[in-house]
2 protein chains.
Amino acid sequence: MTVNEIKKYRKKDACSYCLGSFPTFELLRARPETAEMVLLHSDAKAELRKGLELACKGADIGIICSDRLVERLRDKDKCIVIGVFKKYECTLEHHANHVVLVNPGDMGNLGTIIRSCMGFGITNLAIIEPAADIFDPRTVRASMGALFGIKFEYFSDFGQYAKRYGGERENYAFMLEGKYRLGAFQHPEGKPYSLIFGNEARGLDASYMSVGKSVVIPHTNSIDSLNLSLAAGIGIYEFCREPF
Amino acid sequence: MTVNEIKKYRKKDACSYCLGSFPTFELLRARPETAEMVLLHSDAKAELRKGLELACKGADIGIICSDRLVERLRDKDKCIVIGVFKKYECTLEHHANHVVLVNPGDMGNLGTIIRSCMGFGITNLAIIEPAADIFDPRTVRASMGALFGIKFEYFSDFGQYAKRYGGERENYAFMLEGKYRLGAFQHPEGKPYSLIFGNEARGLDASYMSVGKSVVIPHTNSIDSLNLSLAAGIGIYEFCREPF
C-alpha cells in the first residue's frame, strides 16, 4: 500500500486502520507481519514517537509523519497515531474454547466482546454472517487492539461452523428461554466448549435450544434483557473463572 | 411545559426527553407524575398509539402528534415516540445496597450501568461529581428507561456520600490493585453494601484502598483493563446472585 492509497475505510478495502496508540502497539506486538505503516501526527510527544520507532524497527515498518493523513482518517476522538494493516484470515483451533457470535450487528459490541474474550482467556471467535465487519476501524478501536490477539473465522451459517468444529465440543446457547441458569451448573472438564450469543435485537432463535445446553443469565423482570456485550461479558467471565 | 418550549436538550433545562417507545412506556409506568406529554410521529402504527393512549389516560398526560417536534428532537435512530418529563430528585435508601459511580464520564456507560443495576436488583445509585448528566436523553436511552426505576443521588465528593450513608455498610472499591479477588470471597449477610467503580480512564485513585475492601476482577494480562460498564456489570452480577 502506498501513501496515496490511504483514504477513509470501506469494507471492500484490502487494508484497514487502527486508530490510537494503544491499539497500534497491540498491532505491532501481535500481528507485525500485517502492519503496512504507522501514521503519526505532529501532536505526538517525543517519547511516544520513540516507542513507536522501537516497535517498528525490528519489523521494518515505516513511520509516516503526516498531519493531513491522520486528520483525514481519524474520527472525533482526535487520535495522533494510526496503524495501517493488511486484512488477514485465520482459522480456529479445534481443541480450544470458542465464543460464537450469531449475526452481531454493532461494531462497538463486537469490539467490546473481543476485548472481554481476551480478558478472560478465550482467543477463538466464530462469527455467523450476516455480521458486523471485524476490520472496521470502529470494531478495532472498541476492541482496544485485542482483535490482533485472537483468531476469528466467519461462517455463512451455524451449521457450517458446527460441521467444521463440532464433534467433541459442548455448546452453550445463551437465550432468555434457556433451561440452565448461569452459575448454577458446571461445565464438565476435559471437553472444549462454545459459548453462543445471538443478535442485539433478536437474540438466538428457538432452533438454538437444540444445539446443546441453553443457558439463561438470571436477572429481574424489571428489564427485558441485558445488552449483548454485557451478557457475553458475564457469560465469558462465569465460564472462565481461572487464577489469571 | 408548553409545546413551544420544546427544543434540543441542554443540561440546564428543567425538562428532558426519553427517545423511543420502550423507555417512554417505562417512564409512564415508573414515574408518571414526572411525565409532561408524549410526542408521537405519524409513522407510529395504530397499536402503538393505542397502547400509549391507554398508558397516558390514567395519568392525564397529553399525546401530541407532531412529526416536526419528533424530528427536531430525535437523533439518527429515528424514534417515533418521545416522552417529555420534568427532571426530579431522589434520595437513596439507607439500608439498601448501593452502586457508587465516581466521576463517570460517558453517558452511554452511565445508562448501561443503570440497566445492569435494575437487571440484578440494585435500585440505589450514588454518583460522585463531576459526572455525566443522568437526565441527558443519551443516558436515558442507554438505560432503556431503567433510569425511571431507580433512586439516584449526586454528591460533590465521596466523603459527602460516606458521611450520609456510611456507618453500618460495607464498601467494596473495584480497582486493578484490589486485594480481594471477585468471586473468591463472600459478603457477610445482614449488612448492606456499596459497590464503588471509578472513572473510565482513571479508575479509582489509591485513596479508595482504605474506604473498605478493595476488589479486583481477575483477568489475563492480555488486556490492560475491562471497560467500565462491563466491569460494573460483572461486579453487580457477582454480588447479586439471587433466584430472580
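Everything discussed here concerns the structure shown above.
The structure displayed is predicted, hence computed values, not measured ones.

Peer 1: What's the story with the environment of Arg31(B) in this structure? I'm lost.
Peer 2: Residues and elements named next belong to chain B. Considering the arrangement of structural elements, one finds Arg 31 in the loop between α1 (21-30) and β2 (35-40). The exposure class assigned to Arg 31 is buried, which follows from its relative accessible area of 15%. For the pair Arg 31 and Phe 85, spaced 54 residues apart in the sequence, the C-alpha separation amounts to 8.9 Å. A polar atom in the side chain of Arg 31 sits 3.0 Å from the backbone oxygen of Ile 150.

Peer 1: How should I be thinking about the sheet that holds β2(B) in this particular structure?
Peer 2: All names here are of chain B. Spatially, 4 strands are ordered β1-β4-β2-β3 in an open sheet, and the strand pairing comes out mixed. Every interior strand has two partners, whereas the edge strands, β1 (15-19) and β3 (62-65), have only one. On average, each strand axis in the sheet is inclined to that of its neighbour by 25°, with strand direction left out of account. Examined bridge by bridge, β1 and strand β4 (residues 81-86) share 5 bridges and lie antiparallel to one another.

Peer 1: Where do I start with helix α2 (residues 46-57) of chain A in this structure?
Peer 2: Owing to its 3.6 residues per turn, the α-helix aligns residues three or four sequence positions apart on the same side. Residue and element names in this part refer to chain A. Look at α2: 16 Å from first C-alpha to last across 12 residues, which is about the 16 Å you get at 1.5 Å a residue. When we look at burial in α2, the residues that qualify are Leu 48, Leu 52 and Cys 56. Down the axis of α2, the buried set is contained in an arc of 65°. They therefore lie on one face. With respect to the buried face of α2, the exposed residues turned more than 90 degrees away are Ala 46, Glu 47, Lys 50, Leu 54 and Lys 57.

Peer 1: So what exactly am I meant to see when it comes to the pairing of strand β6 (residues 124-128) of chain B here?
Peer 2: In the case of a regular strand, side chains alternate between the two sheet surfaces. All names here are of chain B. Burial analysis of β6 places 5 of its 5 residues in the buried class, which makes it a mostly covered element. Taking every second residue as pointing to the same face, both faces of β6 are buried, with Asn 124, Ala 126 and Ile 128 on one and Leu 125 and Ile 127 on the other. When strand β5 (residues 98-102) meets β6, the two strands line up parallel, connected through 4 bridges. Looking at the pairing, Leu 101 lines up with Ile 127 of β6. In this view, the connection linking β5 to its parallel neighbour β6 by way of helix α4 (residues 107-120) has right-handed handedness. Relative to strand β7 (residues 151-155), β6 runs parallel, the two sharing 5 bridges. Its bridge partner lying in β7, Leu 125 is registered against Phe 152.

Peer 1: I tried to follow the sheet that holds strand β6 (residues 124-128) of chain A on my own but got confused; where do I start?
Peer 2: Sheet strands associate in pairs through backbone hydrogen bonding, adopting either a parallel or an antiparallel arrangement. Residues and elements named next belong to chain A. Reading across from one edge, β7-β6-β5-β10-β8-β11-β9 is the order of the 7 strands in this open sheet, with parallel pairing throughout. Of all strands in the sheet, those bounded by a partner on one side alone are β7 (151-155) and β9 (180-181). Where strand β8 (residues 170-174) lies against strand β10 (residues 193-197), 4 bridges are found, and the strand directions are parallel. The residue bridging Glu 170 from the neighbouring strand is Tyr 193, located in β10.

Peer 1: It is not clear to me how the relation of the copies chain A and chain B should be interpreted in this structure. Could you clarify?
Peer 2: What connects the two chain copies is a rotation about an axis and a shift along it. Mapping chain A onto chain B is achieved by rotating through 180° and translating by 0.0 Å along the same axis, at an RMSD of 0.0 Å. Overall, the copies show the geometry of a two-fold rotation axis. The share of interface residues of chain A whose copies in chain B are also at the interface is 100%, consistent with both copies meeting through the same surface.

Peer 1: Before we go on, may I ask you to explain the nonpolar core in this structure?
Peer 2: One broad trend across soluble globular proteins is that nonpolar side chains are buried collectively. Ranked by size, the top nonpolar core spans 138 residues in total, and within it Leu125(A), Leu195(A), Leu125(B) and Leu195(B) carry the most contacts. Those residues within four positions of Leu195(A) in sequence are excluded, and the remaining contacts are His98(A), Val99(A), Val100(A), Ile122(A), Tyr172(A), Phe174(A), Gly235(A), Ile236(A) and Phe239(A).

Peer 1: Just checking my understanding: could you explain the packing of helix α1 (residues 21-30) of chain A against α2(A) for this structure?
Peer 2: Angle between the axes and distance between the axes are the two parameters that describe a pair of packed helices. All names here are of chain A. Contact geometry of α1 with α2 gives a least axis separation of 10 Å together with a crossing angle of 15°. In this view, α1 runs roughly parallel relative to α2, as classed from their interaxial angle. Seen from above, α1 lies across α2 with left-handed handedness. When α1 is examined against α2, the residues Ser 21, Thr 24, Phe 25 and Leu 28 are found in contact with a partner set consisting of Leu 48, Gly 51, Leu 52, Ala 55 and Cys 56. Its residues assigned to classes, the contact of α1 with α2 shows 6 nonpolar, 3 polar and no charged.

Peer 1: I keep staring at unusual backbone geometry and nothing clicks. Help me out?
Peer 2: Most peptide bonds take the trans configuration, and most residues that are not glycine carry a negative phi. In this structure, the amide linkage connecting Glu129(A) to the following residue, Pro130(A), adopts the cis form with an omega of -5°. One can find Pro130(A) in the loop between β6 and α5 (137-142). Of note in this structure, Asn103(A) is not a glycine but carries a positive phi near 55°. Checked against the element boundaries, Asn103(A) lands in the loop between β5 (98-102) and α4 (107-120). The class of Asn103(A) is buried, set by a relative accessible area of 16%. A positive phi angle is found at Met144(B), which is not glycine, with a value near 55°. With respect to the helices, strands and loops of the structure, Met144(B) is situated in the loop between α5 (137-142) and β7.

Peer 1: I'm lost on α4(B) in this one. Help?
Peer 2: All names here are of chain B. Over its 14 residues, α4 runs 20 Å from end to end, which matches the ideal 20 Å to within 8%, given 1.5 Å per residue. The buried fraction of α4 amounts to 13 of the 14 residues, a majority that puts the element mostly inside the structure. With a side-chain oxygen lying 2.9 Å from the backbone nitrogen of Gly 108, the N-terminal cap of α4 falls on Asp 106.

Peer 1: What's the story with the packing of aromatic side chains in this structure? I'm lost.
Peer 2: Any aromatic ring pair is given by two values, namely how distant the centres are and how the planes are angled relative to each other. Residue and element names in this part refer to chain A. Here the structure, examined in full by the defined rule, presents 40 aromatic pairs over all chains. Note on Phe 135 and Phe 152: the rings are 5.5 Å apart at their centroids and 80° apart in plane angle, and the pair reads as edge-to-face. Here Phe 135, found in the loop between β6 and α5, pairs with Phe 152, found in strand β7; they are 17 residues apart in sequence, far enough to count as distant. We classify Phe 135 as buried; its relative accessible area is 6%. Since its relative accessible area comes to 4%, Phe 152 is described here as buried. Among the aromatic residues, those joined into a cluster by ring pairs are Tyr 172, Phe 174, Tyr 180, Phe 185, Tyr 193, Phe 197 and Phe 239. The ring of Tyr 180 carries Lys 213 above its face, with NZ or CZ at 5.6 Å from the centroid.

Basis of the calculations
- Residues numbered from 1 in each chain as written.
- Chains lettered and ligands numbered in written order.
- Predicted model: local features only at pLDDT ≥ 70, side-chain atom pairs only at ≥ 80, totals over all residues.
- Heavy atoms only, no water.
- Helix = DSSP H or I, 4+ residues; strand = E, 2+ residues; numbered from the N terminus.
- Buried < 20%, exposed > 50% of the residue type's maximum accessible area, 1.4 Å probe, protein only.
- Polar contact = N/O pair within 3.5 Å; in protein donor to acceptor, adjacent residues only side chain to side chain.
- Pairing = 2+ DSSP bridges.
- Axes fitted to C-alpha atoms, helices over the stretch in contact; angles between N-to-C directions.
- Expected span 1.5 Å × (residues − 1).
- Arc of directions from axis to C-beta.
- Right-handed = clockwise from strand over helix to strand, strands pointing away.
- Least-squares fit on C-alpha atoms with pLDDT ≥ 70 in both.
- Contact = heavy atoms within 4.5 Å.
- Core = buried A, V, L, I, M, F, W, Y, C linked by side-chain atoms within 4.5 Å.
- Parallel < 35°, antiparallel > 145°, perpendicular 65-115°, else oblique.
- Left-handed = near helix turned anticlockwise from the far one by under 90°.
- Nonpolar A, V, L, I, M, F, W, Y, C, P; charged D, E, K, R; others polar.
- Phe/Tyr/Trp six-rings, centres within 6.5 Å; stacked < 30°, edge-to-face > 60°.
- Lys NZ or Arg CZ within 6 Å of the ring centre and 35° of its normal.

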